[in-house]
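# Descriptive structure summary
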Amino acid sequence: MKGAWGAWASAVAVTSVIWLLTDFGGYFWPMWVAGPWGALLLVSTIFGGKK
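One structure accompanies this document, and this report is about it.

## With respect to the packing of helix H1 (residues 2–23) against helix H2 (residues 31–46)
Helix-helix packing: each pair is described by the crossing angle between the helix axes and the interaxial distance. In the contact formed by H1 and H2, the axes pass within 10 Å of each other and the chain directions differ by 165°. Viewed along their axes, H1 and H2 adopt a mutual orientation that is roughly antiparallel. The handedness of the crossing between H1 and H2 comes out as left-handed. Note on element contacts: H2 touches H1 through Val-33, Ala-34, Trp-37, Gly-38, Leu-41, Leu-42 and Thr-45, opposite Ala-4, Trp-5, Ala-7, Trp-8, Ala-11, Val-12 and Thr-15.

## Let's talk about a nonpolar patch on the surface
On the surface, Tyr-27, Phe-28, Met-31 and Trp-32 cluster together into a nonpolar patch covering about 450 Å² of accessible area. Topologically, Tyr-27 is positioned in the loop between H1 and H2.

## Here we look at H1
Given 3.6 residues per helical turn, the α-helix brings residues three or four places apart onto the same face. For H1, which comprises 22 residues, the first-to-last C-alpha distance of 31 Å matches the rise-based estimate of 32 Å (1.5 Å per residue) to within 8%. Among all positions of H1, only Ala-11, Val-12, Thr-15, Ser-16 and Trp-19 are buried. Seen from one end, H1 has its buried residues packed into an arc of 130°, which puts them on one side. H1 presents Lys-2, Gly-3 and Leu-21 as exposed residues on the side facing more than 90 degrees away from its buried surface. Looking at the packing, one finds that the buried side of H1 touches H2.

Rules behind the numbers
- Residues numbered from 1 in each chain as written.
- Predicted model: local features only at pLDDT ≥ 70, side-chain atom pairs only at ≥ 80, totals over all residues.
- Heavy atoms only, no water.
- Axes fitted to C-alpha atoms, helices over the stretch in contact; angles between N-to-C directions.
- Helix = DSSP H or I, 4+ residues; strand = E, 2+ residues; numbered from the N terminus.
- Parallel < 35°, antiparallel > 145°, perpendicular 65-115°, else oblique.
- Left-handed = near helix turned anticlockwise from the far one by under 90°.
- Contact = heavy atoms within 4.5 Å.
- Patch = residues over 30% accessible without salt bridge, like charges linked within 9 Å, V, L, I, M, F, W, Y side chains within 5 Å.
- Areas by Shrake-Rupley, 256 points an atom, 1.4 Å probe, with all protein chains shown as cover.
- Salt bridge = Lys/Arg side-chain N within 4 Å of Asp/Glu carboxyl O.
- Expected span 1.5 Å × (residues − 1).
- Buried < 20%, exposed > 50% of the residue type's maximum accessible area, 1.4 Å probe, protein only.
- Arc of directions from axis to C-beta.

Here it is as structure tokens:
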């Protein structure tokens with residue numbers, strides 16, 4: 001699970017930096033990367049993801 005969370009954090013960091021460099025203060029589109037993927041990881045972590 002650490003690897004999956006690390007990949008999620010990296011993807012969110014990269015998309016957030018892109019957002020900061022291109023559209024700071026505008027629509028925060030990285031939430032569409034962070035939200036669904038993070039929700040799936042959270043459910044998997046809580047309800048028995050492989051350790």
